[in-house]
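Observations on the model geometry
Now for the letters of each chain:
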Amino acid sequence: MPDYFVHQSSYVDDGAVIGRGTKIWHFCHILPGAVIGERCNLGQNVVVMGGTRLGDNVKVQNNVSIYQGVTLEDDVFCGPSCVFTNVVNPRSHVSRKSEYQSTLVRRGASIGANATIICGVTLGEYSFVGAGAVVRGDVPAYAMMVGVPARRIGWICQCGLKLTLRDGAASCSGCGASYREDGGLLRQLPRGGGPAAPD
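Residues numbered from 1 in each chain as written. Predicted model: local features only at pLDDT ≥ 70, side-chain atom pairs only at ≥ 80, totals over all residues. Heavy atoms only, no water.

**Points about the sheet that holds strand β26 (residues 185-188)**
The criterion, for reference: Only strands joined by at least two bridges in the DSSP assignment are considered to pair. Helix numbering and strand numbering both begin at the N terminus, where a helix is a DSSP run of H or I of at least 4 residues and a strand a DSSP run of E of at least 2. To get an axis, a line is fitted to the C-alpha atoms, and for a helix only the part in contact is used. The angle between two axes follows their N-to-C directions and goes from 0 to 180 degrees.
On the basis of which strands lie adjacent, the open sheet formed by three strands has the order β24-β25-β26 and antiparallel pairing. The open sheet has two free edges, formed respectively by β24 (169-171) and β26, since each of these has just one partner strand. Adjacent strand axes in the sheet meet at a mean angle of 25 degrees when their direction is disregarded. Pairing analysis gives four bridges linking strand β25 (residues 178-182) to β26, with the strands arranged antiparallel. Residue Arg180 lies in a different strand from β26, and its bridge partner there is Arg187.

**What about the state of the cysteines?**
As a reminder of what qualifies: Cysteine sulfur pairs qualify as disulfides if the two atoms are within 2.5 Å. Only protein chains enter the accessibility calculation, which uses a 1.4 Å probe. A residue is then buried if its area is under 20% of the maximum for its type, exposed if over 50%, and partly exposed in between.
In total, this model carries zero disulfides according to the counting rule given. Of the cysteine sulfurs around Cys78, a residue in no disulfide, the closest is that of Cys82, at 4.4 Å. Left without a disulfide partner, Cys175 is nearest to the cysteine sulfur of Cys157, which lies 3.5 Å away. Judged by relative accessible area, Cys175 falls into the partly exposed class, the value being 34%.

**What about the nonpolar core?**
In plain terms, the rule: Definition used in this section: a nonpolar core is a set of buried Ala, Val, Leu, Ile, Met, Phe, Trp, Tyr and Cys residues joined via side-chain atoms within 4.5 Å. For this analysis, residues touch if any pair of their heavy atoms sits within 4.5 Å.
Core analysis: the largest hydrophobic core is formed by 46 residues, its most contacted members being Leu42, Leu72 and Phe84. Elements with a minimum of two residues in this core: β12 (70-72) and β21 (143-146). In this structure, Leu42 is in contact with Lys23, Ile24, Trp25, Cys28, Ile30, Ile36, Val48, Leu54 and Val60, ignoring residues within four places of it in sequence.

**Let's talk about unusual backbone geometry**
With an omega of -5 degrees, the peptide bond running from Val148 to Pro149 counts as cis. Its place among the elements puts Pro149 in the loop between β21 and β22 (151-156). A positive phi angle, near 65 degrees, is found at Asp75, a position not held by glycine. Examined against the element boundaries, Asp75 turns out to sit in the loop between β12 and β13 (77-78). Asp75 sits in the partly exposed class, given a relative accessible area of 26%. Here the phi dihedral of Asp167 falls at roughly 55 degrees; this positive angle occurs in a residue that is not glycine. Structurally, the position occupied by Asp167 is in the loop between β23 (162-163) and β24.

In structure tokens, the structure reads:
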């Protein structure tokens, strides 16, 4: 018996890898070559293509297709009907399978409902893409992105609360984590407020 759950209306093709404790709900299709980690939760009508990789504890809400070339690291959240692409200039009559571009969503990032992620970008750790945004370029860690095209409107804590910077520093009102802005990037400080750990 598998150590994961698949609803009877869904299909998991031979050659897909599903981690322990993962739940795949109604009307999903997991294709050969897809790798899904442990404790993931896939809502209704989710398609995961071959050549994709989902880390542990990834949550994918209803009506999301994850195309070849997309990697979601641990703890990523994909809101309902968010969109990934893998070709910049698709045409029905032109085969561009050799031109697929990779998209990387780093650990803990969240993508809001109906947001679109144009292929070839990286979303930084714990970044937050608002509902309906269109992301065309790389997103820094902890950035809050909204609009079309998406622009940064602030910074967000790892726990999901908006940060308020004063003199280039912030402390989360919820979890107490500390951050410092440097060169247009935000870094989380170790507990105790010492220098940021190197990447």
